[in-house]
Amino acid sequence: MEGQTFERVILRRKNLRIPFPDCFVERLTGQQILHVNRRAKYLLIETLDEVLIWHLGMSGQVRIYKIDEQVEPIGKHDHVQFDLSSGATIVFTDPRRFGLMDLTKPKHLADHRLLKDIGPEPLGNTFSGPILAHRLKARRGPIKQVIMDGKVVAGVGNIYASESLYRAGISPKRSAATVQGGRAEKLVNAIQSVLGAAIEAGGSTLKDHRTTDGGLGYFQFSFAVYGRTGQACPDCDCDISLTKGIRHLEQGGRSTYYCPRKQR
DNA sequence: CTTTGGGCCTGGACGC
DNA sequence: TGCGTCCAGGCCCAAA
């Protein structure tokens, strides 16, 4: 995408999760793409004068049509289209509209309200056991909810929170402040290995997961605990008659799955 | 400052 | 078959 210009920008509605900014089309049209980056779950498309901040939400799909490739008829949930100078077309489809797009000036990017308080990238070199431990020290809430707080660490959503705690052997109910030392170290390793495996597998959440060329996603990433209430935990030969296997509970209105025997 | 709960939104699963 | 109801997700934001 780098080097290409937004030749035409088509908006088919005025908002997704939040309204599109005023003059969205005008501000982007004619801008040349300099860099494409990611921060937390935000895709950042930087041009000379603007940065497009783009979140796919949970049901958002990006479809990239190559030069001369036939663009499919406009669907009900096709909300935005970008025609690039190369002849490629990008279509953003988002049935649930939990996605969002915003624009900011490059020099204001770091101060943008959606980005300014985001914690360290879990796969970057600013994330480690001691750093996580420090961030958890004053937090009384359950560790599951606290690691889903983007200010603590970026981009650990509901499913990967459960999976990470499982790998780390930490109970989701444990007070976050008590996740220190070796436990924090273990949790960092778990988050990194879970995210790494999920990325390698090409994502894992929705069943209609798609690649940008429209192909079906492939889900090699299988959940150890998520959605597996009552099943035996794959790691410890859980005696289901004693532990009832994987358990489900609700924390902050979100589902949590864990093995009470392996996770303490 | 932290924590909690509401809100956004649709499709799919479910029961009648 | 066609309704109504519930649930799932990310994550911001107002209120406590």
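Residues numbered from 1 in each chain as written. Chains lettered and ligands numbered in written order. Predicted model: local features only at pLDDT ≥ 70, side-chain atom pairs only at ≥ 80, totals over all residues. Heavy atoms only, no water.

Peer 1: Go over the domain arrangement of chain A, please, and point to the residues and values.
Peer 2: According to the domain assignment, chain A contains domain 1 (6–111) and domain 2 (129–258). Computed from C-alpha atoms alone, the centre-to-centre distance between domain 1 and domain 2 is 30 Å. The partner domain 2 presents 10 residues to the 9 residues of domain 1 that form the contact. Both sides together, the interface formed by domain 1 and domain 2 hides about 710 Å², and carbon and sulfur atoms give 58% of it. It is Lys 41, Gln 61 and Arg 63 in domain 1 that bury the most area against domain 2; as a group they hold 47% of the surface buried on that side. Summed over the shared surface of domain 1 and domain 2, the number is 0 salt bridges. Across the domain 1-domain 2 interface, the total number found is 0 residue pairs in polar contact (both at pLDDT 80 or more). By residue number, the principal contributor to the side of domain 1 that touches domain 2 is strand β5 (residues 61–65), which donates 4 residues. Of the residues that constitute the side of domain 1 that touches domain 2, the class distribution is 4 nonpolar, 2 polar and 3 charged. (Domains from an automatic or database assignment. Contact = heavy atoms within 4.5 Å. Buried area = accessible area lost by both parts, 1.4 Å probe. Salt bridge = Lys/Arg side-chain N within 4 Å of Asp/Glu carboxyl O. Polar contact = N/O pair within 3.5 Å; in protein donor to acceptor, adjacent residues only side chain to side chain. Helix = DSSP H or I, 4+ residues; strand = E, 2+ residues; numbered from the N terminus. Nonpolar A, V, L, I, M, F, W, Y, C, P; charged D, E, K, R; others polar.)

Peer 1: Can you tell me about the sheet that holds β5, naming the residues and giving the values?
Peer 2: One key point about sheets: their strands pair by backbone hydrogen bonds, in either a parallel or an antiparallel sense. What the 4 strands build is an open sheet, ordered β1-β6-β7-β5; its pairing is antiparallel. Looking at strand neighbours, the two that pair on one side only are β1 (6–11) and β5, the edges of this open sheet. With direction set aside, neighbouring strand axes in the sheet form an average angle of 15°. The sheet contact formed by strand β6 (residues 78–84) and strand β7 (residues 89–93) spans 5 bridges and is antiparallel. Within β7, the position partnered with Gln 81 by the bridge is Val 91. (Pairing = 2+ DSSP bridges. Axes fitted to C-alpha atoms, helices over the stretch in contact; angles between N-to-C directions.)

Peer 1: Go over the protein's contact with DNA strand C with me, naming the residues and quoting the values.
Peer 2: Near DNA strand C you find 14 residues, and of these His 55, Met 58, Arg 113, Tyr 226 and Arg 254 are the closest. The separation between a base nitrogen of DNA strand C and a polar side-chain atom of Arg 17 is 3.4 Å. Note that a base nitrogen of DNA strand C is positioned 2.7 Å from one of the side-chain N or O atoms of Arg 254. For the surface near DNA strand C, a count of residues per class yields 5 nonpolar, 4 polar and 5 charged. (Near = heavy atom within 4 Å.)

Peer 1: Lay out the protein's contact with DNA strand B with the relevant residues and their values.
Peer 2: Around DNA strand B sit Asn 15, Arg 17, Lys 76, His 77, Pro 95, Arg 96, Arg 97, Phe 98, Arg 139, Arg 140, Gly 141 and Gln 145, and that is every residue in its neighbourhood. Backbone sugar and phosphate groups make up 69% of those atoms of DNA strand B lying within 4 Å of the protein. Separating a phosphate oxygen of DNA strand B from a side-chain N or O atom of His 77 is a distance of 2.7 Å. Arg 97 places a side-chain nitrogen or oxygen 2.7 Å from a phosphate oxygen of DNA strand B. Of the residues that constitute the surface near DNA strand B, the class distribution is 2 nonpolar, 4 polar and 6 charged.

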